[in-house]
Each structure stands twice: as C-alpha cells, then as structure tokens.
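If you want the building blocks of each chain, they are given just below.
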Amino acid sequence: TILEQWTPYQVAIFQASLAHHGKQFELVQKDINEICQKHSPGNNNNNNNNNNHNHNNNSKTTQQVLDFYLVWKKTSAYGVWKETYVPPHLDDDEDGD
C-alpha cells in the first residue's frame, strides 16, 4: 500500500512540512527529499549523481506526496495530527474533516 512505502522518518518529515507549508505539496516534497538525502547513511556530497533525479528509497515525487496525503488523510493519525497542528480557524478542508 501507499502507506507502507513510507518510513516513519519520512512520515514525520511529511507531517512537519505539511504543518509548515500547508498543502503546497511541491514544498513538502522538497523538504522530504532534502532532509532524507542530508541524513541518509553513506551520504557523499562528492558523488556524481544528479540529485534532482534521485529516485532512491528516500526520495519522493510530488505525486507520491499527494497520493500519500490523500490516503493518510483518511487515517486516525491524520485526525490526531489535525487536532494538534491545525487551528480550527485555519482548517480549509472542503469535506469538513
């Protein structure tokens, strides 16, 4: 499933970034990839990989972030996150959850 393709670390970054950027999924995706790349084991900044096209297990596309959000939003974890990090006056969900 989509949720199983994300590590707990990636989910934590996703949640923190979503709280910071809101539904600007391009910025959330950028945060996930930059933080995971910076903290990945064996990170070597002198390698010849093109980091903009790095599709290892730690990187996510904007579409993957959006797909994860749509599934995660239906979980109890989303409800807890929302109650903790989204004040009612900033809640812009169209479906009222």
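See above for the structure.
This text gives an overview of the structure that appears in the document. Everything numeric in this text was worked out from a predicted model, so none of it was measured.

Details of the packing of aromatic side chains
This model, assessed by the stated rule, comprises eleven aromatic pairs. Plain terms: the ring middles of Phe68 and Trp72 are 6.5 Å apart, the flat faces sit at 15° to each other, and that makes the pair stacked. One end of the pair is Phe68 and the other is Trp72, both in helix α3 (residues 62-72) and four residues apart, which spans about a single turn. In this structure Trp72 comes out as buried when scored by relative accessible area, which is 3%. Cluster of aromatic residues (ring-pair linked, three or more members): Trp6, Phe14, Phe25, Phe68, Tyr69, Trp72, Tyr78, Trp81 and Tyr85.

Let's talk about α3
Along α3, the residues that are buried comprise Val65, Phe68, Tyr69 and Trp72. Seen end-on, α3 carries its buried residues on one side only, within an arc spanning 100°. The elements touched by buried residues of α3 are α1 (8-21), α2 (25-39) and α4 (76-85).

Some details on the nonpolar core
Ranked by size, the top nonpolar core spans 15 residues in total, and within it Trp6, Phe14, Leu18, Ile32, Val65, Tyr69 and Trp72 carry the most contacts. Within the residue set of this core, elements represented by two or more residues are α1, α2, α3 and α4. Look past the residues within four positions of Trp72 in its chain and what remains in contact with it is Leu3, Phe14, Gln15, Leu18, Ala77, Tyr78 and Trp81.

Digging into the packing of α1 against α3
Between α1 and α3, whose axes approach to 12 Å, the crossing angle comes to 90°. Relative to α3, the element α1 is oriented roughly perpendicular. The segment α1 lies against α3, with Val11, Phe14, Gln15 and Leu18 engaging Val65, Phe68, Tyr69 and Trp72. Residues that form the contact of α1 with α3 fall into these classes: seven nonpolar, one polar and no charged.

Comments concerning the environment of Ile35
Inspection of the secondary structure assignment puts Ile35 in helix α2. Ile35 sits 25 residues away from Gln10 along the chain, and the two C-alpha atoms are 9.0 Å apart. Residue contacts for Ile35: discarding those within four places in its chain leaves Tyr9 and Ile13.

What to know about the side chain of Ser17
One can find Ser17 in helix α1. Discounting residues that sit within four places of it in the chain, Ser17 has contacts with Gly22, Leu27, Val28 and Asp31.

Cut-offs and rules
- Each chain has its residues counted from 1, following the order in which its sequence is written.
- In keeping with the predicted nature of the model, local features appear solely for residues at pLDDT of at least 70, side-chain atom pairs appear and are counted solely at 80 or more, and the whole-chain, interface and lining totals rest on all residues.
- Only hydrogens and water are removed before side-chain values are computed, so all heavy atoms of the structure are retained for them.
- When two rings of Phe, Tyr or Trp (its six-membered ring) have centres within 6.5 Å they constitute a pair, described as stacked for plane angles under 30 degrees, edge-to-face for angles over 60, and tilted for the intermediate range.
- The numbering of helices and of strands both runs from the N terminus, where a helix is a DSSP run of H or I of at least 4 residues and a strand a run of E of at least 2.
- Relative accessible area decides the class of each residue, using a 1.4 Å probe on protein chains only: under 20% of the type maximum gives buried, over 50% gives exposed, and in between gives partly exposed.
- As used here, the arc is the angular range of directions from the helix axis to the C-beta atoms.
- Every residue pair with non-hydrogen atoms within 4.5 Å of one another is taken to be in contact.
- Take the buried Ala, Val, Leu, Ile, Met, Phe, Trp, Tyr and Cys residues and link them wherever side-chain atoms come within 4.5 Å; each set so joined is a nonpolar core.
- Lines are fitted to the C-alpha atoms to define the axes, a helix being fitted only along its stretch in contact, and any angle between axes, read from their N-to-C directions, falls within 0 to 180 degrees.
- Under this scheme an angle from 65 to 115 degrees is roughly perpendicular, one under 35 degrees roughly parallel, and one over 145 degrees roughly antiparallel; angles in between are oblique.
- Under this grouping Gly is polar, as are all residues other than the nonpolar Ala, Val, Leu, Ile, Met, Phe, Trp, Tyr, Cys and Pro and the charged Asp, Glu, Lys and Arg.

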